[in-house]
Amino acid sequence: MRVLVAGATGAVGRQLVPRLEAAGHEVVGISRRGPRPVDVLDAEAVRRAVAGVAPDAVVHQLTDLGGADGAANDRVRVEGTRNLVDAAREAGVGRIVAQSISWAHAPGDAPADESVPLDPAEELPRARVVAGVRALESAVAELPEAVVLRYGILYGPGTWYAPGGAVAAALAGDPGARFLGSTAADGSVSSFVHVGDAAEAAVRALEWPPGAYNVVDDEPAPGHAWLPVLAEALGVPAPGRTEGRVPWARGAANARARALGWAPARPSWRTGFADQG
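Analysis parameters
- Residues numbered from 1 in each chain as written.
- Predicted model: local features only at pLDDT ≥ 70, side-chain atom pairs only at ≥ 80, totals over all residues.
- Heavy atoms only, no water.
- Pairing = 2+ DSSP bridges.
- Helix = DSSP H or I, 4+ residues; strand = E, 2+ residues; numbered from the N terminus.
- Axes fitted to C-alpha atoms, helices over the stretch in contact; angles between N-to-C directions.
- Contact = heavy atoms within 4.5 Å.
- Buried < 20%, exposed > 50% of the residue type's maximum accessible area, 1.4 Å probe, protein only.
- Right-handed = clockwise from strand over helix to strand, strands pointing away.
- Core = buried A, V, L, I, M, F, W, Y, C linked by side-chain atoms within 4.5 Å.
- Salt bridge = Lys/Arg side-chain N within 4 Å of Asp/Glu carboxyl O.
- Parallel < 35°, antiparallel > 145°, perpendicular 65-115°, else oblique.
- Left-handed = near helix turned anticlockwise from the far one by under 90°.
- Polar contact = N/O pair within 3.5 Å; in protein donor to acceptor, adjacent residues only side chain to side chain.

Undergrad: Just give me the short version of the sheet that holds strand E2 (residues 26-30), but keep the residues and values in it.
TA: Reading across from one edge, E2-E1-E3-E4-E5-E9 is the order of the 6 strands in this open sheet, with parallel pairing throughout. Bordering the open sheet on either side are E2 and strand E9 (211-215), each of which pairs with just one other strand. Recorded for the sheet is a direction-independent mean angle of 20° between the axes of neighbouring strands. Relative to E9, strand E5 (residues 145-151) is paired through 5 bridges, and the arrangement is parallel. Across the sheet, residue Leu 149 finds its bridge partner in E9, namely Tyr 213. Contacts from helix H6 (residues 195-205) reach strand E4 (95-101), E5 and E9, with the element oriented near 165° to E5.

Undergrad: Go over unusual backbone geometry with me, naming the residues and quoting the values.
TA: Of the consecutive residues Leu 124 and Pro 125, the connecting peptide bond is found in the cis state with omega at 5°. Following the sequence through the fold, Pro 125 ends up in the loop between E4 and helix H4 (126-140). With a phi angle near 50°, Ala 54 is a residue other than glycine that sits in the positive phi range. Examined against the element boundaries, Ala 54 turns out to sit in the loop between helix H2 (43-53) and strand E3 (57-60). Judged by relative accessible area, which is 47%, Ala 54 ranks as partly exposed.

Undergrad: With reference to specific residues and values, describe the pairing of E4.
TA: In terms of burial, E4 is a largely internal element, 7 of the 7 residues being buried. Residues Arg 95, Val 97, Gln 99 and Ile 101 point to one face of E4 and Ile 96, Ala 98 and Ser 100 to the other, with burial holding for every one of them. When E3 meets E4, the two strands line up parallel, connected through 4 bridges. Each residue of the ladder has a partner; that of Val 58, found in E4, is Ile 96. Note that the unit made of E3, helix H3 (residues 70-90) and E4 has a crossover that is right-handed. Summarising the sheet, E4 and E5 pair through 7 bridges and their orientation is parallel. Opposite Ala 98, over in E5, you have Val 148 as the bridge partner. Following the backbone out of E4, through H4 and into the adjacent parallel E5, one traces a crossover that is right-handed.

Undergrad: Now, about the nonpolar core: what can you tell me, with residues and values included?
TA: Nonpolar side chains tend to gather and get buried jointly when the protein is soluble and globular. In this structure, Val 5, Leu 16, Leu 20, Leu 149, Tyr 151 and Trp 208 are the most contacted members of the largest nonpolar core, which totals 30 residues. Contributions of two or more residues to this core are made by strand E1 (2-6), helix H1 (11-22), E3, E5, H6 and E9. Residue contributions to this core peak at 7 residues, all from H6. Once residues within four sequence positions are removed from consideration, Leu 20 is found in contact with Val 3, Val 5, His 25, Val 27, Val 203 and Leu 206. Val 46, Val 76, Val 93 and Val 140 belong to the second largest nonpolar core, which has 28 residues in total.

Undergrad: Describe the pattern of salt bridges, listing the residues and the values that go with them.
TA: The final tally for this structure, using the stated rule, is 21 salt bridges. Salt-bridge contacts for Arg 48 lead to Glu 44; the nearest nitrogen and oxygen are separated by 3.7 Å. Here Arg 48 and its partner Glu 44 are both found in helix H2, 4 residues apart, which amounts to about one turn of the helix. On the basis of relative accessible area, Arg 48 is assigned to the partly exposed category, the value being 48%. Across the pair Glu 79 and Arg 75 runs a salt bridge whose closest N-O atoms are separated by 3.0 Å. Of this pair, Glu 79 and Arg 75 are both found in helix H3, 4 residues apart, which corresponds to roughly one turn of the helix. The class for Glu 79 is partly exposed, based on a relative accessible area of 33%.

Undergrad: Report on H1, specifying residues and quantitative values.
TA: Here H1 has its buried residues at Ala 11, Val 12, Gly 13, Gln 15, Leu 16, Val 17 and Leu 20. In the segment just after H1, Gly 24 is the residue with positive phi, at about 95°.

Undergrad: Before we move on, could you go through the packing of H3 against H4 and cite the residues and values that matter?
TA: Packed helices, taken two at a time, are described by the angle between their axes plus the distance between the axes. At a minimum axis separation of 9 Å, H3 and H4 run at an interaxial angle of 15°. Between H3 and H4, the interaxial angle falls into the category roughly parallel. By crossing handedness, the relation of H3 to H4 is classed as left-handed. Packed against H3, whose contacting residues are Gly 70, Ala 71, Asp 74, Arg 77, Val 78, Thr 81, Arg 82 and Val 85, the element H4 presents Arg 128, Val 129, Gly 132, Val 133, Ala 135, Leu 136, Ala 139 and Val 140 at the interface.

Undergrad: If you had to explain the side chain of Gln 276 to someone new, which residues and values would you point to?
TA: Here Gln 276 lies in the segment after helix H9 (269-272). By relative accessible area, Gln 276 is classed as buried at 7%. Only 3.3 Å separates the side chain of Gln 276 from the backbone oxygen of Phe 273, close enough to count as a polar contact. Those residues in contact with Gln 276 that sit more than four places away from it in its chain are Tyr 155, Gly 156, Pro 157, Tyr 161, Ala 162, Pro 163, His 194, Leu 230, Leu 234 and Arg 266.

Here you go:
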């Protein structure tokens, strides 16, 4: 299969391209930087790029997280996805695999499965984030073979949670550390996934039925459980435990992806944080 990877130089994209090639696919990557620079916010540039590649499938791994600017990332989700979907449709591409997130579900007590609707919250910035996710997933679903991968919080090479990354700096007390997330050791529940496991899911998703899939490890956990383990792995101080829980921070369940044969090589952050290579 000829596969166009949009966002090929990102944290997941760098793991994904060699896996696709190892699986026998012909891969062409585009990104803002690299040998094929394309600005995803430039609709005409995206149209030319997709038409020139003429792929059998598109894998959407586009983000704008380098500056920890949530509004910039939301714009990529909304405008960038719109441009990519329109270009894919014009080029006759029916199959797309797109990166989404697993923490946009409505509030609840148990880990969310894919039947849980997206959060109807009106408070900012939560409402803006969910609106971006909703726009991304809605646009992608316009193609007949659309698969949405709702990743957990990504850790591993190139992420904020890697050794020497922004989270380590924040935990060490650096006031200039920038990332989108929380270091509150409270009862708010998160689901994680290593970038390699996320990339493996994207490879497999080229053959999955259309729909949304949570791509997370096997152990959703509250901040007071996972933050001390992460801090130890990063060699920085652990924050003190606090009370409370954000209602929408409930984690996610991965049974649907597992039923199709995907399984995380790092099934838990308990050992994964210390093995991020």
